[in-house]
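Single-letter residue listing:
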Amino acid sequence: MRRRLRGTPMERRTSSVLSDTIFCLVAAGISTLLTLPPNACCLQTGADPPRSGSSFRSQRHVVVVGGGVGGLAVAARLASSFTAEEPIRVTLLEKNPPDRLGGRCGSQSIHVESHGTFRHERGPSLLLLKSVYQDLFADCTGGESSAADYGLTMDQCIPAYQCVFDDGDTIELGFPRSAAGVNASATEAASRAKMDSYEAGGSKKWDEYLAACSAFLDCGLPNFIEERLDLPSFPAFLYESLRNNARAWPLKPHSDVLDAMFDNPKMKALASFQDLYVGLEPYRNDREWFGGIFKKSAPAVFGLLAAIELHPNNDKAGVFAPRGGFAAVSKALERLARDAGVDIRCDTTVTRVTDTGVHVLSSNGDKEVLPADTVIVNADLPYATETITKQDTGDAYNVAYDWDDSYDFASGVVAFHWSTSKRYDNLNTHNVFLSARNRSEAEQSWDVLREEGRSSNYDGMEAPFNFYVHRPVKTDPSAAPANCDSIMVLVPTETLQRKAEHASLAREEAVLRYQEQFDNDRIDIIRKATLKRMAVMPGLEDLESHIVDEILDHPGTWADDYNVAAGTPFALSHGFNQLSLTRPTIKAKGFKNVWYIGASTKPGNGVPLVLLGAKQVASQVTKSLKNQHDFVAEDERQE
Ligand SMILES: Cc1cc2nc3c(=O)[nH]c(=O)nc-3n(C[C@H](O)[C@H](O)[C@H](O)COP(=O)(O)OP(=O)(O)OC[C@H]3O[C@@H](n4cnc5c(N)ncnc54)[C@H](O)[C@@H]3O)c2cc1C
């Protein structure tokens, strides 16, 4: 088996020098000289950037820091709202090379000698809330082009999931039906029979549970996530919340509602594994106030995630796979942004953000000040507040890696991307391996989210744990050569533990120190335990011997690749202390013209939520620029 630990900082720096130089000459040089106004870019060392000069007062300049989905989407929305009366020029700066645009969202192709090319996802593999993706393309093109026109085709995965318990038992979930109701397929019938074998009336209870979750989704999405009042959704929400003596009351810990609705630990596990995606556990934690719903225990309202993925006929539901992998998502967003006129500059690290612009360090060492009327920071918020938006008096071009650890974070993740010389048809596109032999083991399997991200269980990986397995070949055979497979395993782990003394180190040094928290011994333990668990599934017994290549990601590499705080791929968790009104706001505190977009700000983590956030930020920034514009016009009249 060939193993690669992707991209240590040192390796990447060496390998990218040539492309850095060429790209900087082309992107920074040409765009600076030809497309930017003469006063928009100036070599300086330390002083705050001047405001865009009076001769360009009418053309507002927005700088976006980071080319993740949040940065690309907000840039595309703003640039496409350009009008002759209120022109906006948008520049997007991304620290990584062009093939990493999209940030955490994208794919990577690996050529393995004597086998061929395998495609693995860098991050997301579940495409949810399809209409949110579609709306972005329609909005930015005035309805003239669709996501498909930009190369983004989304295929529904049916069934949505396969769940594999640690006793080898499997069950499939997520069978879409037309609103009129169609007879269940043989697979769905088998799944319902299995639920009935877990407990009497199991499948009927499942339907009732999904009905409540669907009402939470219909009300929660517009009113609390999109922040758009939708009164008609409230009656069903209240009915489902209050009926049967408020059995499904959405503000209780999720496990209280699961306990009221189901008897069998497997049914409870099936109904709640999505809580992981918002960085929470389903079980009440009696060591915390209110059962932990203000910390790491999910309130029952997060059953709406089960509805998003599994409800048979809610029109927002369904798990989709982008054809060609999530690279198709990031490529489509990049094209949309470029078509709208966004100037995208890669290999460009922003080192400081002020109300009047940004300080920039190119990968060839060039220092630059870029004035802006508005700056939108897509870099992860808890990292940004301790590094680039922190207003200290030191060197404005210092590159650091640190984060604000006063927040609660989602779990860390170790990702194994295995290219295999054999096909594993027993795996679906999306699979979750769950521990639920009994209540105690089910609760322990979520331990990684307790104790502030430190878990004693993971020392030997003897205790139960849950994980996710993606096999894209099931829906898209282009992901691996014939008779081969491409398998991604995501194992939740602890996050990086912040060390105050690393804050003063140069970024590369700090990242190397943090990477030591996930050394080879640690990774070997996780790999071994994961393969052992996977082997309980019939057909997977020989998986290890057919792995011909491994790409590894862990909190230390997420930190290095994208500057994510605590190395967590899933951002801040979404307990009530960091949800909706209590989540860090999109307007940066202490600044007039600085905003945030991304997974750690409102509304939250996951590509569709970040895309919804981009819509909100673009709308607020447009209003704010309009005010600046009116103010300047007034100024000019007075002059
Ligand atoms: C393993 C994994 C699995 C996931 N699964 C799913 C899933 O199935 N479905 C789903 O919807 N979501 C999933 N997610 C979450 C989803 O990927 C994120 O919510 C989303 O991509 C975050 O986008 P963003 O724009 O907020 O941040 P990012 O993608 O982190 O973008 C921020 C960008 O800023 C850049 N940057 C940082 N600092 C600087 C600087 N100083 N100067 C210039 N640039 C800078 C970074 O390089 C990065 O490109 C998953 C994530 C991971 C990692």
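Refer to the preceding data block for the structure.
Residues numbered from 1 in each chain as written. Predicted model: local features only at pLDDT ≥ 70, side-chain atom pairs only at ≥ 80, totals over all residues. Heavy atoms only, no water.

Caption draft 1: Inspection of empty space enclosed by the protein at higher detail. Summed over all chains, the structure comprises five cavities of 30 Å³ or more. Reported here for the largest cavity is a volume of approximately 110 Å³. When its residues are assigned to classes, the lining of the largest cavity shows ten nonpolar, two polar and no charged. One number sums up the size of the second largest cavity: a volume of about 70 Å³. Around the second largest cavity, the lining residues are Arg119, Glu121, Ser125, Ala321, Pro322, Gly325, Phe326, Thr429, His470, Pro472, Thr475 and Asp476. Listing elements by their share of the lining of the second largest cavity, those giving two or more residues are strand S5 (116–121) and strand S9 (320–322). Broken down by class, the residue content of the lining of the second largest cavity amounts to four nonpolar, five polar and three charged. (1 Å grid on protein atoms, 1.4 Å probe; cavity = no way out; pocket = protein on both sides within 12 Å on 5 of 7 lines; lining within 4 Å. Points joined across faces, edges and corners; volume = space filled by probe spheres on them. Nonpolar A, V, L, I, M, F, W, Y, C, P; charged D, E, K, R; others polar. Helix = DSSP H or I, 4+ residues; strand = E, 2+ residues; numbered from the N terminus.)

Caption draft 2: Local environment of the site of the ligand. Taken together, 37 residues lie around the ligand, and Glu94, Arg104, Asn605, Gly606 and Val607 are the ones closest in. Residue Val350 places a main-chain N or O atom 3.0 Å away from a nitrogen atom belonging to the ligand. Within the contact set of the ligand, an oxygen atom lies 2.9 Å away from a backbone nitrogen or oxygen of Val607. Isolated, the ligand exposes 1,000 Å² of accessible area, and the fraction of that covered by the protein chains is 97%. At the level of secondary structure, the elements contributing two or more residues to the shell around the ligand comprise helix H3 (69–80), strand S11 (348–354), helix H16 (555–562) and helix H17 (607–638). Its residues assigned to classes, the shell around the ligand shows 17 nonpolar, 16 polar and four charged. (Near = heavy atom within 4 Å. Polar contact = N/O pair within 3.5 Å; in protein donor to acceptor, adjacent residues only side chain to side chain. Areas by Shrake-Rupley, 256 points an atom, 1.4 Å probe, with all protein chains shown as cover.)

Caption draft 3: The arrangement of the sheet that holds strand S13 (residues 367–371) in detail. Spatially, the three strands line up as an open sheet ordered S11-S12-S13, and their pairing is antiparallel. Since the sheet does not close on itself, it has two edges, and those belong to S11 and S13, each with one partner. Neighbouring strand axes in the sheet, compared pairwise and without regard to direction, differ in orientation by 25° on average. Judged from the five bridges that link them, strand S12 (residues 357–362) and S13 form a sheet pairing that is antiparallel. Residue pairing in the sheet places Val360 in a bridge with Glu368 of S13. (Pairing = 2+ DSSP bridges. Axes fitted to C-alpha atoms, helices over the stretch in contact; angles between N-to-C directions.)

Caption draft 4: Just the packing of aromatic side chains, in detail. Considering all chains together, one arrives at 16 aromatic pairs under this definition. By way of ring pairs, the aromatic residues Tyr383, Tyr401, Trp403 and Tyr514 are connected into one cluster. Cation over ring: Arg533 sits above Phe465, and NZ or CZ is 5.3 Å from the ring centre. The positively charged end of Lys587 is found above the aromatic ring belonging to Trp595, 5.3 Å away from the centroid. (Phe/Tyr/Trp six-rings, centres within 6.5 Å; stacked < 30°, edge-to-face > 60°. Lys NZ or Arg CZ within 6 Å of the ring centre and 35° of its normal.)

Caption draft 5: How the structure looks around the sheet that holds strand S20 (residues 594–596). Spatial ordering of the open sheet is given by S10-S3-S2-S14-S20, a layout of five strands whose pairing is parallel. Bordering the open sheet on either side are strand S10 (343–345) and S20, each of which pairs with just one other strand. The sheet shows a mean angle of 20° between the axes of neighbouring strands, taken without regard to direction. Here three bridges tie strand S3 (residues 88–93) to S10, and the two strands are oriented parallel to one another. Counted as the bridge partner of Leu93 is Arg345 from S10. In the packing of H3 onto the sheet, the strands contacted are strand S2 (60–65), S3, S10 and strand S14 (374–377), and the crossing angle to S3 comes to about 165°. (Contact = heavy atoms within 4.5 Å.)

Caption draft 6: Spatial organisation of the environment of Leu612. Among the secondary structure elements, Leu612 is positioned in helix H17. Judged by relative accessible area, which is 8%, Leu612 ranks as buried. Separated by 14 residues in the primary sequence, Leu612 and Gly598 place their C-alpha atoms 9.8 Å from one another. Once you skip the residues sitting within four places of it in the chain, Leu612 turns out to touch Val132, Leu221, Ile225, Glu226 and Pro603. (Buried < 20%, exposed > 50% of the residue type's maximum accessible area, 1.4 Å probe, protein only.)

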